[in-house]
Amino acid sequence: MPRKKQASAGARRKKDPHARREAARYDKPIASRELIIDVITEADRPLDRDELRELLGIHGEEAVEALRRRLKAMTRDGQLVCNRRNCYAPVDRLDLVAGRVIGHRDGFGFLVPDDGKDDVMLSARQMRGLFNDDRALVRITGLDRRGRREGDVVEVLKRNTHSLVGRFFNERGVQFVSPDNKRMPLDVAIPSGEDGGAVDGQIVSAEIIEQPSRRSPPVGRVVEVLGDHMAPGMEIDIAIRSHDVPQAWPPAVTEEISGLGEKVPPQAKRGREDLRDVPLVTIDGADARDFDDAVYCERTTGGWRLLVAIADVSHYVKPDTALDREAFGRGNSVYFPERVIPMLPEVLSNGLCSLNPDVDRLCMVCEIIFKRDGSMVRSRFFNGLMRSHARLTYNEVAAILVEGDSRERKRRQALLPHLEELHSLYKALRRGRGKRGAIDFDTRETRIVFGAGRKIERIVPVVRNDAHKLIEECMIAANVAAARYLKRHKMPTLYRVHATPADDKIADLQEFLNELGLGLRGGRKPAARDYAVVLEQARGRPDEHLINTVLLRSMPRAEYSPDNIGHFGLAHEDYAHFTSPIRRYPDLLVHRAIRHLLSGKRADSFRYGLIDMQDFGEHCSTTERRADDATRDAIDWLKCEYMLDKIGEVYPGIITGTTSFGIFVELQDIYVEGLVHVTALGNDYYHFDPTRHWLIGERTNHIFRLGDPVTVRVVQVNLDDRKIDFELHETKTGRGKKQHKRGRKTATGPGGKKAGKGRKQAKRGRKTALRRKSRSRG
């Protein structure tokens, strides 16, 4: 039998493993992506569309058109490649790599592969035709001098930059926009007549009308003049547009929500457990605007009964509606200083889905029974109807429970028994957290206080009290219960996962801790409790901040995934986000999965499958990073603006980062970070040791190490680049020699070891640093 016919017969015998999922999603289902890839792979050669149609048994004009669209989508997503003969082949069979492009301010870039392997270096020449965040297909061409994979761009799979924000310039009649996002080093040419009336130096939003190529720069037109460079509030407008954070509601969404009122309709209350007499309360920050969780606790004979009621967003946001598509696109709410870009319109986020006091609200409730030691006995979920009995703040609850404020206790006398039981449960949960070995970093958050004209008056630390931690433990418990419930019923869902640290990170961390007289147990696979032991050993040491920082940086970032690998930092095998569907799309997906089960349906009839969840997880992890980046950009701008009138002033600080090009220093009590460039460190050659987290002088053995105190002078503030430059104050005042001695002594680690041993260690460190090659993606 000919080879083609053999393949055809085999394909006809092969069943689509995802036929049920496709049938649930489409009225006229087509072969799944998995089946198409399997068929091409088994054929052992690229196949054209007609061959695929024959092998898959697809007939009829509509079905053939559906196959064409699916192949186009798979090509766009980097699963297939269409060659010059219009034949399709899986990307991995052609030794090509698909992924997302990350640009660098210096012109080069990286491709982050979809398969999770090491990044691929893209030269400045290859990056000429790309924007940051584009999707591309790359052929590996070799290794660079640092051993990193290098590649050439074969095809741009998807353009993700269609507009940008930046500063408009007109230099001798040549008009261009310099993007605010420094990962986009390509200036955008603005033709004559397309400047939108912008004046040189103004901040504008530009639409890309021609994407870049290797031979020509991107071309755009100014569509909006945002204002002058230093206008109040400009930092947030720039961040929103630079990171493509959606802020306007499409007309279809506005039309869908037009029928929503302020009150819950009577028919929506039917079939729910009535909790309106249960004294559920919300506990949030004093400046909070939306309240999506409420709690109640009572004592039982064997422990406690906890109710965590979450606003029932899934009742209002139905799948595949315009509102749902917009919520998915946003992924999460974005919180800027004194401004929020919500995931859901205000009629929901601040209205029907906000658990305001003394009004009826729909909720999804997690009921958990605990033993006296804080361990979970069982849990259940149900649809509820509630009425919040109070809107409490963290400080108010702390005053009642911790400080014993008589006035506050009297004012909230009716709620006291419930609040005190919550506090008792919290203490049990904290003890359980310690036994479990969860990592509890003492990180510091800050808040910007504005004055008149939106100018920063000061930056203050946010103090976490027992009320913050109480709510956090209740939410963690509900998240664990949700993950276990969905796992038990084998539901496709998104877990909040936190992977164990990579082997190379562990090796570097163990080497670092050994030099400080500490050890990390667990070998190559330490558990969270091993990290917790080190944190406890470091408590009270002079280098506690250093150890905390290095431990934190050794761990990967948490993300969303349908693969339940557990949460390393919290030391939980099962963890999902259930508690904030008003501001996080993954939580909404978890609510939909629970609602599906509560309606008596089976897991295999759920509208979403594993592939859907993988797409959801990747997208929501991306939007979360986008929100973090946008918020950080706005805050960095504000901090730079705050420091503009402080050039020349001297401040004490702490080294918060060490790199091959200098040290980062955070000013004490101001919480602003800047760079002391390596050329400003003194008359010496400094070498970076990434394992010891220090820079060491070749001649003087002078060491600058993470966590060391220094005194610096502010020398320059660059608002456009969000950069603040410092110089060491000691080198200007003749105290450099003493600083050198302190540096050598600091290098010996805590405990005041002898200087001779410190010099030997510093020399060993310098030799190691000379051998080491640092690696960074920028």
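A quick note: this is a predicted structure, and the numbers were derived from the prediction, not measured.

*Asks:* Help me understand the overall build of the protein chain in this model?
*Replies:* When helices and strands are tallied, the protein chain shows 23 helices and 34 strands. By the compact-globule yardstick of 28 Å for 778 residues, the protein chain fits well, its C-alpha radius of gyration being 29 Å. Its C-alpha atoms give the protein chain principal-axis dimensions of about 85 × 75 × 60 Å. Here the protein chain holds 778 residues, and the buried ones make up 51% of them. The contacts of the protein chain with a sequence gap of at least 6 include a subset with a gap of at least 24, amounting to 65%. Just so you have it, the protein chain exposes about 37300 Å², and 47% of that area is on carbon and sulfur atoms. A gap of 5 Å separates the mean positions of the 135 positive and 114 negative side-chain charges of the protein chain.

*Asks:* When you look at the sheet that holds strand S31 (residues 694-697) in this model, what are you seeing that I'm missing?
*Replies:* Backbone hydrogen bonds are what pair the strands of a sheet, in a parallel or an antiparallel way. Pairing is antiparallel across the open sheet formed by 3 strands, whose spatial order is S30-S31-S32. Looking at the sheet topology across the chains shown, the edges are occupied by strand S30 (686-689) and strand S32 (703-705). Direction aside, neighbouring strands of the sheet carry axes that sit 20° apart on average. Pairing of S30 with S31 involves 4 bridges; the strand directions are antiparallel. Across the sheet, Tyr-686 pairs through a bridge with Gly-697, a residue of S31.

*Asks:* Looking at this structure, how should I read the side chain of Asn-465?
*Replies:* Here Asn-465 is to be found in the loop between strand S24 (456-462) and helix H15 (466-488). Side-chain polar atoms of Asn-465 contact the side chain of Asn-395, separated by 3.3 Å. At 3.0 Å, the side chain of Asn-465 and the side chain of His-468 are in polar contact. Leaving out residues up to four positions away in the same chain, Asn-465 has contacts with Tyr-394, Asn-395 and Ala-398.

*Asks:* Which parts of the structure should I look at to understand the packing of helix H4 (residues 49-56) against helix H5 (residues 61-76)?
*Replies:* Each packed pair of helices is defined by two parameters, the angle between the axes and the distance between the axes. It is at 11 Å that the axes of H4 and H5 come closest, and there the two elements cross at 120°. When the interaxial angle is binned, H4 and H5 end up oblique. Relative to H5, the crossing made by H4 is right-handed. Between H4 and H5, the contacting residues are Arg-49, Leu-52, Arg-53 and Leu-56 on the first element and Val-64, Leu-67, Arg-68 and Leu-71 on the second. Partitioning the contact of H4 with H5 into residue classes produces 5 nonpolar, no polar and 3 charged.

*Asks:* How should the packing of aromatic side chains be read in this particular structure?
*Replies:* Think of a pair of aromatic rings as described by two things: how far the centres are apart, and how the planes are tilted against each other in angle. Enumeration according to the criterion identifies 12 aromatic pairs in this entry. Feature note: the residues Phe-328, Tyr-585, Phe-606, Tyr-608 and Phe-616 constitute an aromatic cluster, connected by ring pairs. Against the face of Trp-249 rests Arg-330, its NZ or CZ located 3.6 Å from the ring centre. It is Arg-607 that lies over the ring of Tyr-608; its NZ or CZ is 5.7 Å from the centre.

*Asks:* How should the confidence of the model for the protein chain be read in this particular structure?
*Replies:* Regions with low pLDDT should not have their predicted coordinates read in detail. Per-chain confidence: the protein chain averages 87 in pLDDT, with 91% of residues scoring 70 or above. Between residues 1-13, whose pLDDT stays under 50, and residues either more than four places distant or in other chains, the model counts 14 contacts. Note that pLDDT drops below 50 for residues 731-778; the model gives that stretch 80 contacts with residues more than four away or on any other chain.

*Asks:* How should I be thinking about the side chain of Arg-135 in this particular structure?
*Replies:* Inspection of the secondary structure puts Arg-135 in strand S7 (residues 135-143). Not counting residues up to four positions away in its chain, the partners in contact with Arg-135 are Arg-76, Asp-77, Gly-78, Ala-98, Gly-99, Arg-100, Asp-114, Val-156, Leu-157, Lys-158 and Asn-160.

*Asks:* Sorry, what's going on with helix H17 (residues 528-538) here?
*Replies:* Because an α-helix completes one turn every 3.6 residues, residues spaced three or four positions apart along the sequence face the same direction. Listed as buried for H17 are Ala-528, Asp-530, Tyr-531, Val-534, Leu-535 and Ala-538. The buried residues of H17 occupy an angular sector of 165° when the element is viewed end-on, so they sit on one face.

*Asks:* Mind showing me how you'd approach the pairing of strand S8 (residues 149-158) here?
*Replies:* Pairing between strand S6 (residues 120-122) and S8: 2 bridges, direction parallel. Its bridge partner lying in S8, Met-121 is registered against Glu-150. Bridge count between S7 and S8: 8 bridges; the pairing is antiparallel. The residue bridging Ala-136 from the neighbouring strand is Val-156, located in S8. Once S7 ends, the chain turns through 5 residues before running back antiparallel as S8, passing Gly-147 with a positive phi of about 85°.

*Asks:* I would appreciate a short explanation of H15 in the present structure.
*Replies:* Taking 1.5 Å as the rise per residue, H15 with 23 residues should run 33 Å; its terminal C-alpha atoms sit 33 Å apart, in good agreement. Along H15, 17 of the 23 residues are buried, which leaves the element largely enclosed by surrounding structure. One side-chain oxygen at the N-terminal end of H15 lies 2.9 Å from the backbone nitrogen of Ala-467; it belongs to Asn-465. Note on H15: the residue one or two positions beyond its end, Lys-490, has a positive phi of about 55°.

*Asks:* What is the right way to read the sheet that holds strand S3 (residues 87-90) from this model?
*Replies:* Taken in spatial order, the 3 strands of this open sheet run S1-S3-S2, and their pairing is antiparallel. The open sheet has two free edges, formed respectively by strand S1 (47-48) and strand S2 (80-82), since each of these has just one partner strand.

*Asks:* Just to check I follow, could you spell out the pattern of salt bridges for this structure?
*Replies:* Pairs may arise between side chains of opposite charge once their charged atoms sit close together. Summed over all chains, the structure comprises 57 salt bridges. Residue Asp-237 pairs with Arg-339 through a salt bridge whose shortest N-O separation is 3.2 Å. Of this pair, Asp-237 sits in helix H7 (residues 234-242) while Arg-339 sits in strand S19 (residues 339-341), and the two are 102 residues apart along the sequence. Since its relative accessible area comes to 29%, Arg-339 is described here as partly exposed. Note that Arg-380 is salt-bridged to Glu-273, the shortest N-O span being 2.9 Å. Linking Arg-380 in strand S21 (residues 376-387) with Glu-273 in strand S14 (residues 273-274), this pair joins segments that are 107 residues apart in sequence. Residue Arg-380 is classed as partly exposed on the basis of its relative accessible area of 33%.

*Asks:* What is the right way to look at the layout of surface pockets in this model?
*Replies:* Picture a little ball the size of a water molecule; that probe, rolled over the atoms, points out where space is still empty. By volume, the second largest pocket amounts to about 330 Å³. Every residue lining the second largest pocket is counted, 16 residues in all, and those nearest its centre are Gly-374, Ser-375, Met-376, Arg-436 and His-572. Tallied by class, the residues present in the lining of the second largest pocket amount to 6 nonpolar, 4 polar and 6 charged.

*Asks:* Sorry, what's going on with the nonpolar core here?
*Replies:* Nonpolar side chains tend to gather and get buried jointly when the protein is soluble and globular. By size, the foremost hydrophobic cluster in this structure holds 89 residues, and its most contacted members are Leu-280, Val-295, Leu-344, Phe-578 and Ile-594. Of all the elements, H15 adds the most residues to this core, at 12 residues. Those residues in contact with Leu-280 that sit more than four places away from it in its chain are Leu-275, Ala-294, Val-295, Tyr-296, Leu-307, Ala-309, Met-386, Arg-387, Ser-388, His-389 and Ala-390. Formed by 37 residues, the second largest nonpolar core is a distinct cluster that contains Ile-456, Ile-655, Leu-719 and Leu-728.

*Asks:* Can you help me understand the environment of Pro-217 in this one?
*Replies:* Looking at the element boundaries, Pro-217 is found in the loop between strand S12 (203-210) and strand S13 (219-227). C-alpha separation for the pair Pro-217 and Leu-130, spaced 87 residues apart in sequence, amounts to 9.8 Å. If near-sequence neighbours (up to four positions away) are discounted, Pro-217 is found in contact with Asp-187 and Pro-212.

*Asks:* Quick question: what am I supposed to make of the packing of helix H14 (residues 416-436) against H15 here?
*Replies:* One way to put it is that H14 packs onto H15 with a least axis distance of 9 Å and a crossing angle of 70°. With respect to each other, H14 and H15 are oriented roughly perpendicular. Of the residues in H15, those in contact with Leu-422, His-423, Tyr-426, Leu-429, Arg-430 and Arg-433 of H14 are Asp-466, Lys-469, Leu-470, Glu-472, Glu-473, Cys-474 and Ile-476. Residue classes in the contact of H14 with H15 are distributed as 6 nonpolar, 1 polar and 6 charged.

*Asks:* What should I look at first to understand the state of the cysteines in this one?
*Replies:* Where two cysteines share a covalent bond between their sulfur atoms, that bond is called a disulfide. One pass over the structure, following the stated rule, counts 0 disulfides. With no disulfide partner, Cys-620 has as its closest neighbouring cysteine sulfur the one in Cys-353, 17 Å distant.

*Asks:* I keep staring at the pairing of strand S10 (residues 174-179) and nothing clicks. Help me out?
*Replies:* Consecutive side chains of a regular strand alternate in pointing toward one face of the sheet and then the other. Across 6 bridges, the pairing between strand S9 (residues 163-171) and S10 is antiparallel. Note that in S10 the partner of Phe-168 across the bridge is Val-177. Adjacent in sequence and paired antiparallel, S9 and S10 are bridged by 2 residues, among which Arg-172 carries a positive phi angle near 55°.

Reading guide: rules and limits
- Residues numbered from 1 in each chain as written.
- Predicted model: local features only at pLDDT ≥ 70, side-chain atom pairs only at ≥ 80, totals over all residues.
- Heavy atoms only, no water.
- Helix = DSSP H or I, 4+ residues; strand = E, 2+ residues; numbered from the N terminus.
- Rg over C-alpha atoms; globule rule 2.2 N^0.38 Å.
- Buried < 20%, exposed > 50% of the residue type's maximum accessible area, 1.4 Å probe, protein only.
- Contact = heavy atoms within 4.5 Å.
- Areas by Shrake-Rupley, 256 points an atom, 1.4 Å probe, with all protein chains shown as cover.
- Lys, Arg positive; Asp, Glu negative; His and termini not counted.
- Charge placed at Lys NZ, Arg CZ, Asp CG, Glu CD.
- Pairing = 2+ DSSP bridges.
- Axes fitted to C-alpha atoms, helices over the stretch in contact; angles between N-to-C directions.
- Polar contact = N/O pair within 3.5 Å; in protein donor to acceptor, adjacent residues only side chain to side chain.
- Parallel < 35°, antiparallel > 145°, perpendicular 65-115°, else oblique.
- Left-handed = near helix turned anticlockwise from the far one by under 90°.
- Nonpolar A, V, L, I, M, F, W, Y, C, P; charged D, E, K, R; others polar.
- Phe/Tyr/Trp six-rings, centres within 6.5 Å; stacked < 30°, edge-to-face > 60°.
- Lys NZ or Arg CZ within 6 Å of the ring centre and 35° of its normal.
- pLDDT = per-residue confidence, 0-100.
- Arc of directions from axis to C-beta.
- Expected span 1.5 Å × (residues − 1).
- Salt bridge = Lys/Arg side-chain N within 4 Å of Asp/Glu carboxyl O.
- 1 Å grid on protein atoms, 1.4 Å probe; cavity = no way out; pocket = protein on both sides within 12 Å on 5 of 7 lines; lining within 4 Å.
- Points joined across faces, edges and corners; volume = space filled by probe spheres on them.
- Core = buried A, V, L, I, M, F, W, Y, C linked by side-chain atoms within 4.5 Å.
- Disulfide = S-S within 2.5 Å.

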